[in-house]
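Residue strings, one per chain:
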Amino acid sequence: MENLSVRKYRGDDLLSSPLNNEEILSRISVMKKQERENYRLGDYIGQIEVLSLSRADMCDQIDEECRGKMSFWCYQVIDHCKLNRETVEIAMFYLDRFLLSRYGERALKSRRKFQLAAMTALYIALKLHEDVTVGPKTMCTLSRGSYSDKDFVEMEVRMLVALQWHVHPPTSSAFISHFLLLLPTDILSESELAQILEFSKHQAEVAVNEYYFVPIKSSIIALAAISNSLEMLLTHDDATLSNYVQRLENIASIRSFSSEFLEVKSKLLETAAEGAGLYHYPSPCISYTQPSSAKRVFSQGEISPRCASFGV
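This report concerns the structure included in the present document.

**Examining the overall build of the protein chain**
Here is step 1 of the chain: In terms of helices and strands, the protein chain carries 14 helices and 3 strands.
Here is step 2 of the chain: Across the 312 residues that make up the protein chain, the buried fraction comes to 54%.
Here is step 3 of the chain: Across the protein chain, contacts joining residues at least 24 apart in sequence account for 82% of those joining residues at least 6 apart.
Here is step 4 of the chain: For the protein chain, the computed accessible surface area is about 14,600 Å², with 49% contributed by carbon and sulfur atoms.

Encoded structure:
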């Protein structure tokens, strides 16, 4: 089966995609199957409450803010290095899935282990989904020496075992790109389509920071984001657009008037407004040099921001 992390058709390639409708629908079908089976997520922080914790463990257990800070830090790394922001969504999936497994139980009760797991998740995502060369020594430098090369290597193995090597999650951004490929091209200008794509992706990106969205399927987040974008950015009311949204609902098996879906739409808009400044971080956190080869190499001359040095 084809890996459908949809690295091939991101938003930048949306207008020039060679896929026909049958191929797009086939990909969406596979992605829907993936999120139902090997890529399901759930509420792991809520599970901490039923664990038997000592008073010391309770002081060190992670919470939603811990996850948000590490997600924010991942975006800093990606933005400074001008890499693809979807890589953060993939990394946070690795982390969330790991913490849901029995292999991640210790990281739920230790902020130090949690931070190592989050940095390792980004490390794996960078190696698999970006044209960069990055090794454990680079991650050691990013941690300001808080972790050793061995720590990252051991956590990487542990995380991949927990993931069962399912490392191509169907992201919200991937669903958005494919859903928009089904949008009739004769009713919107390229600039309108670009605006819809940009705002939809923005909603998906800021949602990555919010623990609320972890248990929600990527396809639901994607359709909610597109629905918000169409309602907010388009001034004309076209029956074709209504039919398009209804078609997506049928394809994704989502009821757009359900209380769950409407709540997701509302939460996305709220989160997008709060995260309006999430783009273009001003402070550098890591640098890379551009070699003659195709892959970029991360340099180890700069250190990570504070939130990755026990800021959680």
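**Remarks on unusual backbone geometry**
Here is step 1 of the chain: Although it is not a glycine, tryptophan 165 sits at a positive phi angle of roughly 65°.
Here is step 2 of the chain: Of note, tryptophan 165 is situated in the loop between helix 9 (149-163) and helix 10 (172-181).

**What to know about the pattern of salt bridges**
Here is step 1 of the chain: Per the stated rule, a full pass over the model turns up 11 salt bridges.
Here is step 2 of the chain: Notably, a salt bridge pairs arginine 111 with aspartate 63, separated by 3.6 Å at the nearest N-O pair. Taken together, the residues arginine 111 in helix 7 (residues 111-129) and aspartate 63 in the loop between helix 3 (55-60) and helix 4 (64-80) connect sequence positions 48 residues apart.
Here is step 3 of the chain: Aspartate 63 gets classed as partly exposed once you look at its relative accessible area, which sits at 28%.
Here is step 4 of the chain: One salt bridge in this structure joins aspartate 96 and arginine 67, with 2.9 Å as the shortest N-O distance.

**Considering helix 11 (residues 190-207)**
Here is step 1 of the chain: Compared with the 26 Å implied by 1.5 Å per residue over 18 residues, the 26 Å span of helix 11 between its first and last C-alpha is a close match.
Here is step 2 of the chain: For helix 11, the secondary structure elements touched by its buried residues are helix 4, helix 10, helix 12 (218-233) and helix 14 (259-274).

**Looking at the nonpolar core**
Here is step 1 of the chain: In this structure, Tyr94 and Leu99 are the most contacted members of the largest nonpolar core, which totals 51 residues.
Here is step 2 of the chain: For this core, the elements supplying multiple residues, two or more each, are helix 2 (45-48), helix 4, helix 5 (86-100), helix 6 (105-108), helix 7, helix 8 (136-142) and helix 9.
Here is step 3 of the chain: Here the element with the most residues in this core is helix 7; it accounts for 11 residues.
Here is step 4 of the chain: Listed in part, the 39 residues of the second largest apolar core include Leu188, Ile196, Ile216 and Ile226.

Conventions and cut-offs
Residues numbered from 1 in each chain as written. Predicted model: local features only at pLDDT ≥ 70, side-chain atom pairs only at ≥ 80, totals over all residues. Heavy atoms only, no water. Helix = DSSP H or I, 4+ residues; strand = E, 2+ residues; numbered from the N terminus. Buried < 20%, exposed > 50% of the residue type's maximum accessible area, 1.4 Å probe, protein only. Contact = heavy atoms within 4.5 Å. Areas by Shrake-Rupley, 256 points an atom, 1.4 Å probe, with all protein chains shown as cover. Salt bridge = Lys/Arg side-chain N within 4 Å of Asp/Glu carboxyl O. Expected span 1.5 Å × (residues − 1). Core = buried A, V, L, I, M, F, W, Y, C linked by side-chain atoms within 4.5 Å.

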